[in-house]
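Structural characterization, general
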Amino acid sequence: MDASESFTVDTVLAPVDGSEESATAVEYAVAVADRYDASVHALFVLGRGVVQGIDAGTVEEEAVADSTRGFLDDISHIANSEGVSLSTSVDHGFSTTRKTRHPGNVVLDTADAVDADFIVLPREPVTGASAEVLEKAAEYVLSYASQPVLSV
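In this text the structure is predicted, and so the values were computed from the model without any measurement.

Observations concerning helix H3 (residues 61-81)
The α-helix winds at 3.6 residues per turn, so residues separated by three or four positions along the chain end up facing the same way. Look at H3: 30 Å from first C-alpha to last across 21 residues, which is about the 30 Å you get at 1.5 Å a residue. Looking at the buried positions of H3, the neighbouring elements they touch are strand S1 (11-16), helix H1 (20-36), strand S2 (39-46), helix H2 (48-56) and strand S3 (86-92). Following H3 by one or two positions, Gly83 adopts a phi angle in the positive range, close to 70°.

A few points about H1
Spanning 17 residues, H1 covers 25 Å between terminal C-alpha atoms, matching the ideal 24 Å at 1.5 Å per step. All of the buried residues in H1 are Ser22, Ala23, Ala25, Val26, Ala29, Val30, Val32 and Ala33. Viewed along the axis of H1, the buried residues span an arc of 165°, placing them on a single side of the element. In H1, the exposed positions that point more than 90 degrees away from the buried face belong to Glu20 and Arg35. Against the buried residues of H1 lie S1, S2, H3 and strand S4 (118-121). With its phi angle positive at about 55°, Asp37 sits one or two positions after the end of H1.

Thoughts on the sheet that holds S2
Each strand in a sheet pairs with another by means of backbone hydrogen bonds, the pair being arranged parallel or else antiparallel. Strands sit in the order S3-S2-S1-S4-S5 across an open sheet of 5 strands; the sheet is parallel. In this open sheet, the two edge strands, each paired with only one partner strand, are S3 and strand S5 (149-151). Ignoring strand direction, the axes of neighbouring strands in this sheet form an average angle of 20°. Together, S1, S2, S4 and S5 form the strand contacts of H1, whose direction differs from that of S1 by roughly 175°.

As for the nonpolar core
Among the nonpolar cores identified, the biggest contains 26 residues, and Val12, Val16, Val40 and Ile75 are the most heavily contacted of them. Leaving out residues up to four positions away in the same chain, Val12 has contacts with Ala29, Val32, Ala33, Ser39, Val40, His41, Phe118 and Val120. Leu108, Ala111, Ile119 and Ala138 belong to the second largest nonpolar core, which has 15 residues in total.

Some thoughts on the pairing of S4
Side chains Phe118 and Val120 project from S4 onto one buried face, and the interleaved Ile119 and Leu121 project onto a second face that is buried too. Sheet topology places S1 next to S4; 2 bridges connect them, and they run parallel. What sits directly across from Leu13, in S4, is Ile119. Sheet analysis places S4 next to S5, joined by 3 bridges and oriented parallel. Note on S5: the bridge partner recorded for Val120 is Leu150.

Considerations on the packing of H1 against H3
At a minimum axis separation of 9 Å, H1 and H3 run at an interaxial angle of 30°. The orientation of H1 relative to H3 falls into the category roughly parallel. H3 is crossed by H1, and the crossing has right-handed handedness. Taken together, the residues of H3 that come into contact with H1 (itself represented by Ser22, Ala23, Val26, Glu27 and Val30) are Phe71, Ile75, Ile78 and Ala79. Looking at side-chain class alone, the contact of H1 with H3 contains 7 nonpolar, 1 polar and 1 charged residues.

Each value, and the rule that gives it
Residues numbered from 1 in each chain as written. Predicted model: local features only at pLDDT ≥ 70, side-chain atom pairs only at ≥ 80, totals over all residues. Heavy atoms only, no water. Helix = DSSP H or I, 4+ residues; strand = E, 2+ residues; numbered from the N terminus. Expected span 1.5 Å × (residues − 1). Contact = heavy atoms within 4.5 Å. Buried < 20%, exposed > 50% of the residue type's maximum accessible area, 1.4 Å probe, protein only. Arc of directions from axis to C-beta. Pairing = 2+ DSSP bridges. Axes fitted to C-alpha atoms, helices over the stretch in contact; angles between N-to-C directions. Core = buried A, V, L, I, M, F, W, Y, C linked by side-chain atoms within 4.5 Å. Parallel < 35°, antiparallel > 145°, perpendicular 65-115°, else oblique. Left-handed = near helix turned anticlockwise from the far one by under 90°. Nonpolar A, V, L, I, M, F, W, Y, C, P; charged D, E, K, R; others polar.

Remember that the coordinates give geometry; whether it matters functionally is a separate question.
Structure representation (structure tokens):
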């Protein structure tokens, strides 16, 4: 992009994992979308424990679905309050059969699938607290995304 080209954004991808940090990232994604008259696509990435629990039958899929729906409903209020269009999807961040499937790949694959122009995601905590699903993927996404990335 040279200086004479204007920067445009049509779709902002906001990967979420149900954490407070990912909800904050959605607030930033909505602000970017509002600034550029764009939409937001929120991708809920299911973590390793949840995926393994569902596969093993130790985690109730309906409970996960209810929790995920609740979180997505909460973030839809953020987008609605700013008049920003929001679409959502859910994907497994890990696979027990594919070694190459991890949250970073899922985020980048979804960015391509929804034709995202910009990605906003949470970064690793500086407090030393255990990282959530997407916090572990932030460095990977920052390294390999072809879109601009804001890590908050």
